2 protein chains.
Amino acid sequence: MPEFLQLLAPDEARALWFSHLAESRVGAEWIETAHALGRVAAEDVSAPHPLPHFPRSAVDGYAVRAQDTFGASDSQPAYLTLVGEVPMGEAPAFALHAGQCALIHTGGMLPEGADAVVMLEYTQPAASSVEAGRAEVEFLRPVAEGENVIRVGEDVAAGAVVLRRGTRLRPAEVGGLMALGITRLHVARKPRIGLISSGDEVIPPEQEPQAGQVRDVNAYALSALVEAAGGQAMRYGIVSDSMEALRRASQRAWDECDALVITAGSSASTRDITAAAIHSLGAPGVLVHGLHTRPGKPTILGVCTGKAVIGLPGNPVSALVNGYLFVAPLIEKLMDETPRPRPVLIARLSVNLASQAGREDWWPVRLRWVGGEGEWLAEPIFGKSNLIFTLAAADGLLRIPPDATGLSAGERVEVRLI
Amino acid sequence: MPEFLQLLAPDEARALWFSHLAESRVGAEWIETAHALGRVAAEDVSAPHPLPHFPRSAVDGYAVRAQDTFGASDSQPAYLTLVGEVPMGEAPAFALHAGQCALIHTGGMLPEGADAVVMLEYTQPAASSVEAGRAEVEFLRPVAEGENVIRVGEDVAAGAVVLRRGTRLRPAEVGGLMALGITRLHVARKPRIGLISSGDEVIPPEQEPQAGQVRDVNAYALSALVEAAGGQAMRYGIVSDSMEALRRASQRAWDECDALVITAGSSASTRDITAAAIHSLGAPGVLVHGLHTRPGKPTILGVCTGKAVIGLPGNPVSALVNGYLFVAPLIEKLMDETPRPRPVLIARLSVNLASQAGREDWWPVRLRWVGGEGEWLAEPIFGKSNLIFTLAAADGLLRIPPDATGLSAGERVEVRLI
């Protein structure tokens, strides 16, 4: 079978596929920042004003002019006259002159004339002043100008870019935007991913299967994967193994969605129909037909008139593993997301794993924490590659790179959590 | 200040706190499995029938009785009479007798009498039989009984537990349940986490702050964190630095929610009000007042008549970091979730980092992939600990354990992605 000599590994195949999708991206929409968790910024966002917009105390203590404390020590305290207390949430009604100090709380606004704050624990009321009916404070340490003060713009300067286009929002970004009053945000629309299941043997999950029939797993597992990746899953139901039926359903989904995933029935004949249906949707059509990987050799990657179309094997493990490898990155690409570091776990492999040179394998593994060793043990889950519950039992997927002929027990391996 | 000698590290504090929440968990509700991604199973789920429920072919080929192929080879093929083709999605209308074979596709149901499948590539039509008007197939390899067949119950046996109580659903679990027709699921209700922001200086994000005022960051950053962890955020707005106002708002939130998070204004006086308000909600009240950690020393952990109440510092970095350390695990606990391995990245530290012995520090770090070294470089983000944009700029948090007095440049460190 000479065709297999030309099969690409997943990374090469994805790169080739993406090179035909350079211009493909979804539009943008305005949403409330309060609901922007997990969304991807569609444009750079700049700070409309500095943060903080007034000088704030970083501690509880006394606002002072730093030079009034120079040389202060336990044996030779500096004495300053207390002129007031800074109210929270307001500008102080007074300014600070030479020889004066003011009580200030964390987050309070420095009075005009003050340039530093001395922490409460380095001060004490001056006994002499209390007797004399004046309010004086003893300072036992000096402070430098700016000490314990958050300067105007120290968190972010006015005009600085606070959110880069392509950033996926986490709680910290949501909070940062709120601090600047940016309560609406321009984000990438959620890519609509059409999902079609094909195969004469496939029935909806709510039906009772007769002999020879199986329930549709892929449309639901892939819907969940699409949603987890930030897309919107659009299910187009189950199509029989008829070229015309698949072509019609694919065309409708292609019209309505940003990308299309067809899971073929698992037989070779239905996979051929999938390739033909993809070709019918537009040029260039099928770009990659078959991958040098396991599971997932029959995967098809296509682009039809600017929209990505994927044919995944009907085998649910293969469909889901290749969903992680292709559908999730596609969704990120359609939103023009700048990827963040991907979480992986380093683990020690429990047994030898054989692999065919040149082929990339993904093994479902269970992870077990070995306290004594302070590390994770990765235990491969054996079983035929089409058993969905091997994947449900797994914590992650272990990758055997194409240039390896296997991995040895005890080797340190990377596990991608699923 | 002798009190600080008794401060607990975050892990110890959480364990103490959780020991008072042993009985606290939210109720359960029925939802559609198709919408169960990220939810936590409230009970064990068993397979109502075996999967597959009929013997299926794992390949494209010929269904046979294995013993009919024994000894078959290229030079001495076995010859079997072709009696039919198995239709997809139906039970074959024929049985297989000695000396017979049937064409079968991947996923097709084995005819009665068949016990193995020979892959198509190890067969060929028998030339002699075609001439004679009979359909015969040559088999060039033997198969063992069960070879290339997925047996009844091989994926999962009838009655086997397919989903353990406490499991958070991923795409694989959603798919597996659908395969069994389990379209509705009993899951833990999303814990309702009440969020109150306090502080005279705090205003809603949509308002224009005057001098001395700051916008409410914490309610929104923590809402996002609560949702990411699987909870339901309930915002109770901003309360002034008045004991009575905070007590009233806390009582209402406590009544309506499963747990309560109060972010105090950042001044010492508001933190004292928070502790008092927590005490007013019920016994035992405040359990932990202050942690040996940075940021987050003023964190308060309480339990009031069976409900967790947390006081977080007003400083938004501190609130968010301690949200990751306490609020997210609390949500998992309230759902009685069995935690999965947590994603961490191993990185090389770029610079020396000092730390105080006995204190646990969490540093925001940026991660940079160093291709030549094949590893991540963790670059700490310096800046005062209360600048929200230091966290927005970070990829993760680096932990300096309590027993370290710092970390050295070049050390391998664990980074928790945020």
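Scroll up a little and you will see the structure.
Source: prediction; values computed, not measured. (Residues numbered from 1 in each chain as written. Chains lettered and ligands numbered in written order. Predicted model: local features only at pLDDT ≥ 70, side-chain atom pairs only at ≥ 80, totals over all residues. Heavy atoms only, no water.)

## Side note on the overall build of chain A
Keep this limit in mind: Runs of H or I in DSSP of at least four residues are treated as helices and runs of E of at least two as strands, each being numbered from the N terminus. Taken over C-alpha atoms, the radius of gyration is set against a globule rule of 2.2 Å times the number of residues to the power 0.38. Burial classes follow relative accessibility: with a 1.4 Å probe on protein chains only, a residue under 20% of its type's maximum area counts as buried, one over 50% as exposed, and anything between as partly exposed.
Of the regular secondary structure elements, chain A holds eight helices and 28 strands. Computed over C-alpha atoms, the radius of gyration of chain A comes to 32 Å, more than 25% over the 22 Å expected from 2.2 N^0.38 for 418 residues, which places it beyond the range of a compact globule. Dimensions of chain A, computed from the C-alpha atoms along their principal axes, are close to 100 × 50 × 40 Å. For chain A, with 418 residues in total, the buried portion stands at 57%.

## Side note on the state of the cysteines
All names here are of chain B. Which entries qualify depends on this criterion: A pair of sulfur atoms, both from cysteines and within 2.5 Å, is called a disulfide here.
Inspection of every chain in the model, using the stated rule, returns zero disulfides over all chains. Sulfur of Cys257: no disulfide; nearest cysteine sulfur belongs to Cys304 and is 13 Å away. Given a relative accessible area of 2%, Cys257 falls into the buried group.

## Quick notes on the relation of the copies chain A and chain B
Stated formally: Least squares is the method used to superpose the copies, on C-alpha atoms of residues holding a pLDDT of at least 70 in both. Any two residues whose heavy atoms approach within 4.5 Å are treated as being in contact.
Between the two copies, chain A and chain B, the superposition gives an RMSD of 0.0 Å; the rotation angle is 180° and the shift along the axis is 0.0 Å. Put plainly, the chains are arranged around a two-fold axis. Considering only C-alpha atoms, the part of chain A nearest the rotation axis is Pro343 of chain A, at 2.7 Å. Most of the interface of chain A is mirrored in chain B, where 98% of its interface residues are also at the interface.

## Looking at the interface of chain A and chain B
Using the following cut-off: Once two parts are joined, some of their accessible surface, as seen by a 1.4 Å probe, is lost; buried area is that loss totalled over both. In what follows, salt bridge is the name for a side-chain nitrogen of Lys or Arg lying within 4 Å of a carboxyl oxygen of Asp or Glu. For this classification, the nonpolar set comprises Ala, Val, Leu, Ile, Met, Phe, Trp, Tyr, Cys and Pro, the charged set comprises Asp, Glu, Lys and Arg, and every other residue, Gly included, is treated as polar.
The interface is formed by 86 residues belonging to chain A together with 85 residues belonging to chain B. Of all residues in chain A, the largest losses of buried area upon contact with chain B belong to Pro171, Pro341 and Phe389 of chain A, amounting jointly to 10% of the total for that side. Where chain A meets chain B, there are two salt bridges. Between Arg340 of chain A and Asp395 of chain B there is a salt bridge, and its shortest N-O distance comes to 2.9 Å. Take the side of chain A that touches chain B: its biggest share by element is nine residues, from helix H3 (residues 171-179) of chain A. Across the side of chain A that touches chain B, the residue classes break down as 47 nonpolar, 17 polar and 22 charged.

## Re unusual backbone geometry
The amide bond that connects Leu51 of chain A to the next residue, Pro52 of chain A, takes the cis arrangement and shows omega of -10°. Following the sequence through the fold, Pro52 of chain A ends up in the loop between strand S2 (45-46) and strand S3 (56-57). A cis amide bond links Arg294 of chain B to the next residue, Pro295 of chain B, at an omega of 0°. Positionally, Pro295 of chain B belongs in the loop between strand S19 (293-294) and strand S20 (300-304). Although it is not a glycine, Thr305 of chain B sits at a positive phi angle of roughly 45°. Despite not being glycine, Asp336 of chain B shows a phi value in the positive range, around 60°. Its place among the elements puts Asp336 of chain B in the loop between helix H7 (316-334) and strand S22 (344-349).

## Looking at empty space enclosed by the protein
Residue and element names in this part refer to chain A. What counts here: As defined here, a cavity is a set of points on a 1 Å grid over the protein atoms alone where a 1.4 Å probe fits but cannot get out. A pocket is an open set with protein on both sides within 12 Å along at least five of seven lines, and residues line them when an atom is within 4 Å of a point. Grid points are joined across faces, edges and corners, and a volume is the space filled by probe spheres set on the points.
Following the criterion strictly, the structure yields one cavity of 30 Å³ or more and no others. Looking at the largest cavity, its volume works out to about 40 Å³. Mapped onto the lining of the largest cavity, the elements with two or more residues apiece are helix H6 (268-280) and strand S21 (307-312). Among the residues forming the lining of the largest cavity, the class breakdown is five nonpolar, two polar and one charged.

## Here's the deal with the pattern of salt bridges
All names here are of chain B. For the structure on display, the rule yields 38 salt bridges over all chains. Asp11 is paired through a salt bridge with Arg14; the nearest N and O atoms lie 3.2 Å apart. Of the two residues, Asp11 and Arg14 are both situated in helix H1 (residues 10-19); the distance of three residues between them amounts to about one turn of the helix. Between Glu173 and Arg170 there is a salt bridge, with its nearest N and O atoms 2.8 Å apart.

## Here's the deal with the packing of aromatic side chains
We apply this condition: Aromatic pairing here means that ring centres of Phe, Tyr or Trp (its six-membered ring) are within 6.5 Å. Orientation follows from the plane angle: under 30 degrees is stacked, over 60 is edge-to-face, and everything else is tilted. By definition, being over a ring means that NZ of Lys or CZ of Arg is both within 6 Å of the ring centre and within 35 degrees of the ring normal.
This model, assessed by the stated rule, comprises ten aromatic pairs over all chains. An angle of 70° between the planes, with centres 5.2 Å apart, marks the rings of Trp363 of chain B and Phe382 of chain B as edge-to-face. Highlighted residues: Trp363 of chain B in strand S24 (residues 360-370) and Phe382 of chain B in the loop between strand S25 (375-380) and helix H8 (388-392), separated in sequence by 19 residues. When its relative accessible area of 14% is taken as the criterion, Trp363 of chain B is described as buried. Through successive ring pairs, a cluster of aromatic residues spans Trp17, Phe18 and Phe326 of chain A. Here the guanidinium or amino end of Lys307 of chain B rests over the ring plane of Trp254 of chain B, the centre of that ring lying 4.3 Å away. The ring of Phe18 of chain B carries Lys333 of chain B above its face, with NZ or CZ at 5.4 Å from the centroid.

## Concerning helix H6 (residues 268-280) of chain B
An α-helix turns once every 3.6 residues. As a result, residues three or four positions apart point the same way. Residue and element names in this part refer to chain B. Stated formally: The span expected for a helix works out to 1.5 Å for each residue beyond the first.
Relative to the 18 Å expected for 13 residues at 1.5 Å per residue, H6 spans 19 Å between its end C-alpha atoms, a close match to the ideal helical length. Of all the residues in H6, the buried ones are Thr270, Ile273, Thr274, Ala275, Ala277 and Ile278. Here the buried face of H6 lies against helix H5 (243-256), strand S17 (259-263), strand S18 (284-289), S20 and strand S21 (307-312). Following H6 by one or two positions, Gly282 has its phi on the positive side, about 140°.

## Considering the pairing of strand S13 (residues 192-198) of chain B
Residue and element names in this part refer to chain B. Here is the rule: At least two bridges found by DSSP between two strands is the condition for calling them paired.
Counting buried residues in S13 gives six out of seven residues, a clear majority hidden from the surface. As judged from the six bridges shared by S13 and strand S16 (residues 232-239), these two strands associate in the parallel manner. By the bridge assignment, Arg192 is partnered in S16 with Gln232. Here S13 runs beside S17; their pairing, made up of five bridges, is parallel.

## Thoughts on the sheet that holds S21 of chain B
Residue and element names in this part refer to chain B. Threshold: Angular values range over 0 to 180 degrees, each being the angle between N-to-C directions of two axes fitted as lines to C-alpha atoms, with helices fitted over their stretch in contact.
Spatially, S16-S13-S17-S21-S20-S18 is the arrangement adopted by the six strands of the open sheet, whose pairing is mixed. Edge positions in the open sheet fall to S16 and S18, since each of these has one partner strand only. Strand-to-strand twist in this sheet, taken as the mean axis angle between neighbours without regard to direction, amounts to 20°. One ladder, built from five bridges, connects S17 with S21; its direction is parallel. Within the sheet, the bridge partner assigned to Thr263 lies in S21 and is Leu312. Where H6 meets the sheet, its contacts fall on S17, S18, S20 and S21, and the angle it forms with S18 comes to roughly 145°.

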